[in-house]
Amino acid sequence: MSAILIFLAGIGGIIGWWMARQRLASKPWLEVGLAGDAPQMRGSSETKAKLGLGIFLAVVGALFALLISAYLGRMGGADWWGIPIPRLLWVNTVALATSSVALQWAKTEARLDRREMLDVALAVAFVAAVLFVVGQVLAWRQLASAGYVLADNPSNSFFYMITGLHGLHILGGLFVLGRTAIRAGIGPAARVRLSVELCTIYWHFMFVVWLILFAIFAGWANSFVDLCRQLIT
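Residues numbered from 1 in each chain as written. Predicted model: local features only at pLDDT ≥ 70, side-chain atom pairs only at ≥ 80, totals over all residues. Heavy atoms only, no water.

If you check an unreviewed UniProt entry, the protein appears there as Cytochrome-c oxidase from Rhizobium oryzihabitans. Under the Sequence similarities (unreviewed entry) heading, UniProt states for the protein: "Belongs to the cytochrome c oxidase subunit 3 family." (UniProt positions renumbered as here; feature names shortened; annotations may be inferred.)

Pasting the structure below:
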């Protein structure tokens, strides 16, 4: 329960910080000047798109929070034994981190309207994300070959279900990222600036979720929770 509260608090903090940056929590009636002088306060399509993505990510975060809560609650069962963490997951984590960093780079290039470098950054982000998904599948195959099949014990089932759900979200993001990369290759960088920004926000979020999942599967989160409990008591 402590771990799930920490997770929700972290997600809430990220969303609150993001909304503050988008000026969604500002008070327009306190703004000084004419309405036409503050274009950032209008109900633009950009603001609506970012707000919609923020709501979607909040739902996704709540879903993973529930799964993590069920995972931690089920660990005390007599039929539970831990699943080993394949070393390939470390490589996958680096691949997803590279994809996230490349998208941040692409966001900067889109703002500067540098199409050539934007194409390179988007290509790096896409390829790194594909490597992450392929690496996840290979990690599942390694575990299955070692005898850790889906229905063997609850630990296996949770691992495949949670990592598979995260992988599906990455695949969905890859579809949007691919479309954005194609549009960037045939038009000005400014045309896809919003799409690149949305992809970057989504990718950073999914990377943070993966880091949390990785920490839980590796057992680090339990040590952190125990430390928090000791500090509180």
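Chemist: What am I meant to see in the overall build of the protein here?
Modeler: What the protein contains, in helices and strands, is seven helices and zero strands. Listing each helix as α and each strand as β along the protein from the N terminus yields α-α-α-α-α-α-α. Within the span of the protein, comprising 233 residues, buried residues form 39% of the whole. Of the contacts made within the protein by residues no fewer than 6 positions apart, 80% connect residues no fewer than 24 positions apart. (Helix = DSSP H or I, 4+ residues; strand = E, 2+ residues; numbered from the N terminus. Buried < 20%, exposed > 50% of the residue type's maximum accessible area, 1.4 Å probe, protein only. Contact = heavy atoms within 4.5 Å.)

Chemist: Sorry, what's going on with helix α4 (residues 115-145) here?
Modeler: It helps to recall that an α-helix has 3.6 residues per turn; residues three or four apart then point in one direction. The end-to-end C-alpha distance of α4 is 45 Å, a good match for the 45 Å that 31 residues give at a rise of 1.5 Å each. Residues of α4 that are buried include every one of Leu118, Ala121, Leu122, Ala125, Ala128, Ala129, Phe132, Val133, Gly135, Gln136, Ala139 and Leu143, and no others. Along its buried surface, α4 packs onto α3 (88-111), α5 (154-186) and α6 (193-218). Count one or two residues on from α4 and you reach Gly147, which has phi positive near 100 degrees. (Expected span 1.5 Å × (residues − 1).)

Chemist: Sorry, what's going on with unusual backbone geometry here?
Modeler: Of all residues except glycine, most have a negative phi; of all peptide bonds, most are trans. With a phi close to 60 degrees, Asp113 is a non-glycine residue in the positive phi region. Looking at the element boundaries, Asp113 is found in the loop between α3 and α4. Of the residues examined, Asp113 reaches a relative accessible area of 47% and is grouped as partly exposed.

Chemist: So what exactly am I meant to see when it comes to α3 here?
Modeler: For α3, which comprises 24 residues, the first-to-last C-alpha distance of 35 Å matches the rise-based estimate of 34 Å (1.5 Å per residue) to within 8%. Within two residues after α3, Asp113 carries a phi angle of roughly 60 degrees, on the positive side.

Chemist: In this structure, what is going on with the layout of surface pockets? I would like to understand it.
Modeler: Remark: the empty space left among the atoms is shown by a probe the size of a water molecule rolled over them. By volume, the second largest pocket amounts to about 210 Å³. Taken together, Leu53, Gly173, Val176, Arg179, Thr180, Arg183, Ser195, Leu198, Cys199 and Tyr202 make up the lining of the second largest pocket. Taken together, the elements giving at least two residues each to the lining of the second largest pocket come down to α5 and α6. Each residue belonging to the lining of the second largest pocket can be placed in one class, and the counts come to five nonpolar, three polar and two charged. (1 Å grid on protein atoms, 1.4 Å probe; cavity = no way out; pocket = protein on both sides within 12 Å on 5 of 7 lines; lining within 4 Å. Points joined across faces, edges and corners; volume = space filled by probe spheres on them. Nonpolar A, V, L, I, M, F, W, Y, C, P; charged D, E, K, R; others polar.)

Chemist: Can you help me understand the packing of aromatic side chains in this one?
Modeler: The description of an aromatic ring pair uses the distance of the two centres, along with the angle that the planes make with each other. Applying the stated criterion across every chain, the model contains eleven aromatic pairs. Taking 5.2 Å as the distance between ring centres and 75 degrees as the angle between the ring planes, the aromatic pair formed by Tyr71 and Trp80 counts as edge-to-face. Measuring from ring centre to ring centre gives 5.5 Å for Tyr71 and Phe217, while their planes differ by 80 degrees; the resulting arrangement is edge-to-face. Residue Tyr71 is located in helix α2 (residues 45-74), and its partner Phe217 is located in helix α6; the two are separated by 146 residues in the primary sequence. What makes Tyr71 buried here is its relative accessible area of 6%. (Phe/Tyr/Trp six-rings, centres within 6.5 Å; stacked < 30°, edge-to-face > 60°.)

Chemist: Just checking my understanding: could you explain the side chain of Ser195 for this structure?
Modeler: By the element assignment, Ser195 lies in helix α6. A residue is classified by how much of its surface remains accessible, and Ser195, at 19% relative accessible area, is buried. Setting aside anything within four residues of it in sequence, one finds Ser195 in contact with Thr180 and Arg183.

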